[in-house]
Each structure stands twice: as C-alpha cells, then as structure tokens.
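For reference, the chains in residue letters:
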Amino acid sequence: MDLQLTIDERQGLTVQLYRQLRAAIVEGRLAAGQRLPSTRELASQLAVSRKTTLEVYEKLEAEGFLAGHGAKGSFVGRGLASSAGRRPVSIDIVPASVWRSVPEALAMPRAGADLRLDFRGGVVDRRIIDFAAWRRAIAHAVRLQARMPGTYRDPAGEQELRLAISRYVGMQRAVACQWNDVLVTAGAQHAINLIARVMVEPGDTVAVEDPGYPPASQAMRTLGARVVPVPVDGQGMIVDAIPADARVIYVTPSHQFPLGMPMSLERRVALVEAAARRGAVVIEDDYDGEFRFDGRPVESLKSLDHAGVVIYVGSFSKTMFPDLRVGYAIAPPSLMPVLLKARQLEDWHGCTLTQLALGRFMLEGDFARHLRRAQRIYARRREALLGWIGGALAPWMEVVPSSSGIHLTALLRGTSEAGMVAHAARLGIGLHGIAPFHAGGQGPGGLLFGYAGMDVDDINAAMSALVSELGSQ
Ligand SMILES: Cc1ncc(COP(=O)(O)O)c(C=O)c1O
C-alpha cells in the first residue's frame, strides 16, 4: 500500500510520522488488521532513515496501535476496531447552565499594551519594589524548601507567613488574631470563592453592594446563590435594605468598590448587628485598605466583630503585585476546619516557595519598608490626580471623597461615561467607566481612576491633554 504522508522538514521527523500514522489509525483511515508497509519500505518511500520508521512503529506497537512488526509486516491493532471508520466529530460539551450567565473573564490588558497613560484599576507600580530584598527572601525560601520532607504541606499555609500576616493585620488593621486563625489563599478572589463554597447552598440569598465588585457576586452565582444587589449611599451599604434571609453579605468597607468612600462607623455597627441577628456571615473584602491617606485611620470591620460573624479577607495584590497570588482569610474559629477541607479539595495548598519568601520578607521588615515607600509615592500621585479632578476637570466631574485605596472615583456631571472614555481614547489615554459595576449596568455615570501605576508626570500629561480636549468641545 502507498501511504500518503506529508513531512515538514522544519519539524522532527519521528514526531510527525508518529502523529500522522496514529491519526490515520484513530480516524479509521487505516482499518484494524490492515497491513502497513515494512519499516524498510516506508523509510525508502518517505526518504527517511530506517531508524526513524522503526522507532515510530515500536512506539505505536507499545501503545497498541500496531500489532507485531517483522518479516510478515506490521498490522493495525484490533483494539480500535470499534472506533475505526468514525470520522472525528467535535462534540459540543455542555457545561453546567450557570456558567452561561457568567460573563467573560475580566478584560486583561493586551500583552505589550502601553499602560503609561492608562488609569485602569488594580495596577501597581512594580518599579518601587525592592527586588534585591525580594530575591534574598526567595533564596531563603529555597534553602528552607531543600530541607523539607518530601510531603504535602498544611492547606492553611506556611506557618512563617501566617505568623507574619497575623502580626501585620493586628498592627495595621486592628484585627486581633493568632497565627493559626490565618488561612493563606491565592488572593482575595480565592478566599471569597472558598467562603462561598462552604457557605452557599443553591437558592441561598447573598447580599452584595450595588454598585459592587462583579467577580465576588459571580462566584456566589456559580454556586446557585440568589444574589441580591443592595444599594450603597455615601455611608456604604444601606444595612436596612439587606434582605432578611441573607446568609452571606459581601462588603468592601474600607474603600467601597468601585466608589471609594469608607463605610461609616454607624453602618459598620449596624451591619455586624444585622448579620448576628440573621445568623449570616459578612465577608469584609479589604483589598487595598492599607493605603490610607487622610483623616482618621479607618479600622477594619472585623475589629468591631463582637459576634464572630465577620470573615476578614486581605490581599497582597495591591501591597506587592497582583501576580504574586497571595491573599488570606481570617475566619471565625468555627468556620476554619471546613475552609481547610475546601482548600484541600481544591488544590491541597498554595505555593510553598512564594509563601516562605513572603513570610521572610515580612518578618525581616522589608514589607513594612516597602509599604511606607509605596504610601509616600502613591500619596503624591493621588494628590496630583485630585488636583486635576477638583480643579480643571471640575466642570465635568466630582470626586467621591475617600481616605484609602489606590483608586479614586469621580461622578460625572452632564456628560456620559462612554463619551468621556471615547474622548480620552482618541488621545491615547485609558479611562474606565463604572457602569459595569452597577447591577443591570445602569447607574450614575462615573470614572474609576487607578493611579498607582502612573507617575506624577504621566498623570499631569494625561490630564492636561484631556482638559484641552474637553475644553475645545
Ligand atoms: C474589590 C476587590 N476585591 C478583590 C480583588 C481581587 O484581589 P486578588 O488579586 O487578591 O484576588 C480586587 C482586585 O482588584 C478588587 O478590586
């Protein structure tokens, strides 16, 4: 028989020949029992070495695709007889229906995209991290790792890091806890998912802020929760509007996402009371509350939690960098064992190397040094931006007062979000509207300015160009 095989000179001959023969057998173009040319014949037919054809036949034989090769020739194995002759059809695999309502993953910047004049949220400035100190921490972690037994580790995370986090949140966020109250996660989003997984039964009511952070509500939805958007006002979530049957309440009290105001003390007290009355848990997502700029330090909601209903969630995505993928949850003791089970069933535990390095970085004081430096630098950027919004841009927008976090939000006056974003795009400036954060995509127009990744000169350049453009309309 004559085999029609195409060989691409640029790729490995053995791999190509193997793949093509295997595909021909699997797709039924070569039927079970059919004789193949001998290795010598095939080698001369394709002008390749006999060693190549022999190697391929041996591999196919070992996998059961060919039966015996030798003097009598080689034959297609019979094991595939039932599927032989079937053309490959691509079957549409149908995932659970809930995933149809989950939108695409959050838009990521294109690789190589110029972020210099882009005010997208969640971006930090990697240039201000002391990578020499981080390298030392990694080297320390490798030394520790080399001495570890060849086993899995604790799903709750490395003790060094848990200790460092417990001290840090105790000092910085007034969260009183011991090292073993800390569950290390792969970021705040992972913590929110784990909590959802252990708390939500299909049909349960989950209250979220409106406007709010979509990935948190989407995580709840995928587990069958009935997600109820609860409006926020200048003091944060309106506690009286939380449904009576809410089992989980998700809030961002330090720096409401996306608007930016802190939740008032009165509302915080009311929220803890309301949760305790309902037997609900409150997820406090403190995603960037450590950057505090003016006014009285805003303490965590968890510090007011006399009833043990608040699960505090923190992240290193803003204090270090987002791709570090480390966050944590500090849960009431009654919930910890089940969270650990869930973590173990998910991925056993996070990356030991990263955790050991971060623990070292914190315990050596490098993290605190970095935070002080970042705070100083970000404060200057924030001031610059506030100057523009409150000054030359005041005819078009008004900032939402906030005291912490690495983004500012301004509500628009008499101009549309889409129009603003389009004007800016023409100038090569990335502006981002808050419409996607409103339930139903509708609400007062506004812009979310992530400023941490831009230096003052870039902020000034972008804003002055925007002002000229808007002024010339
Ligand atoms: C409100 C809010 N929560 C959680 C996260 C996710 O944080 P992480 O990267 O730790 O998963 C973000 C990220 O920007 C956020 O804005």
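Residues numbered from 1 in each chain as written. Predicted model: local features only at pLDDT ≥ 70, side-chain atom pairs only at ≥ 80, totals over all residues. Heavy atoms only, no water.

With 64 residues, the main nonpolar core has F119, F316, Y378 and F449 as its most contacted residues. Per-element accounting of this core gives the leading share, nine residues, to helix α11 (residues 366-390). Both domains that meet at this core, namely domain 2 (115-124 + 369-471) and domain 3 (126-368), each give it at least three residues. Excluding its chain neighbours within four sequence positions, the residues that come into contact with Y378 are V124, D125, I128, F291, F293, I406, Y451 and A452. Among the nonpolar cores identified, the runner-up in size contains 28 residues, and A188, L194, A331 and A342 belong to it. (Core = buried A, V, L, I, M, F, W, Y, C linked by side-chain atoms within 4.5 Å. Buried < 20%, exposed > 50% of the residue type's maximum accessible area, 1.4 Å probe, protein only. Helix = DSSP H or I, 4+ residues; strand = E, 2+ residues; numbered from the N terminus. Domains from an automatic or database assignment. Contact = heavy atoms within 4.5 Å.)

What follows covers a nonpolar patch on the surface. The grouping of V89, I91 and I93 at the surface amounts to a nonpolar patch, some 390 Å² of accessible area in total. Of note, V89 is situated in the loop between β3 (74-76) and α4 (131-146). (Patch = residues over 30% accessible without salt bridge, like charges linked within 9 Å, V, L, I, M, F, W, Y side chains within 5 Å. Areas by Shrake-Rupley, 256 points an atom, 1.4 Å probe, with all protein chains shown as cover. Salt bridge = Lys/Arg side-chain N within 4 Å of Asp/Glu carboxyl O.)

Along its sequence, the protein chain is organised into domain 1 (13-76), domain 2 (115-124 + 369-471) and domain 3 (126-368). Averaged C-alpha coordinates put domain 1 and domain 2 at centres separated by 63 Å.

The next point concerns the packing of helix α6 (residues 188-199) against helix α7 (residues 214-221). Each pair of packed helices can be described by the angle between their axes along with the distance between the axes. Packing of α6 against α7 leaves a shortest axis separation of 9 Å and a crossing angle of 30°. With respect to their mutual orientation, α6 and α7 come out roughly parallel. The chirality of how α6 crosses α7 is right-handed. For the pair formed by α6 and α7, the contact residues are Q189, I192, N193 and A196 on the first element and P215, A216, A219 and M220 on the second. In terms of residue class, the contact of α6 with α7 is built from six nonpolar, two polar and no charged. (Axes fitted to C-alpha atoms, helices over the stretch in contact; angles between N-to-C directions. Parallel < 35°, antiparallel > 145°, perpendicular 65-115°, else oblique. Left-handed = near helix turned anticlockwise from the far one by under 90°. Nonpolar A, V, L, I, M, F, W, Y, C, P; charged D, E, K, R; others polar.)

When you tally the buried positions in strand β14 (residues 446-450), you get five out of five residues, the bulk of the element. By the alternation rule, side chains of β14 split into G446, L448 and G450 and L447 and F449, which are all buried. Relative to β14, strand β13 (residues 407-412) runs antiparallel, the two being bridged by five bridges. Residue pairing across strands places L411 opposite G446, the latter belonging to β14. (Pairing = 2+ DSSP bridges.)

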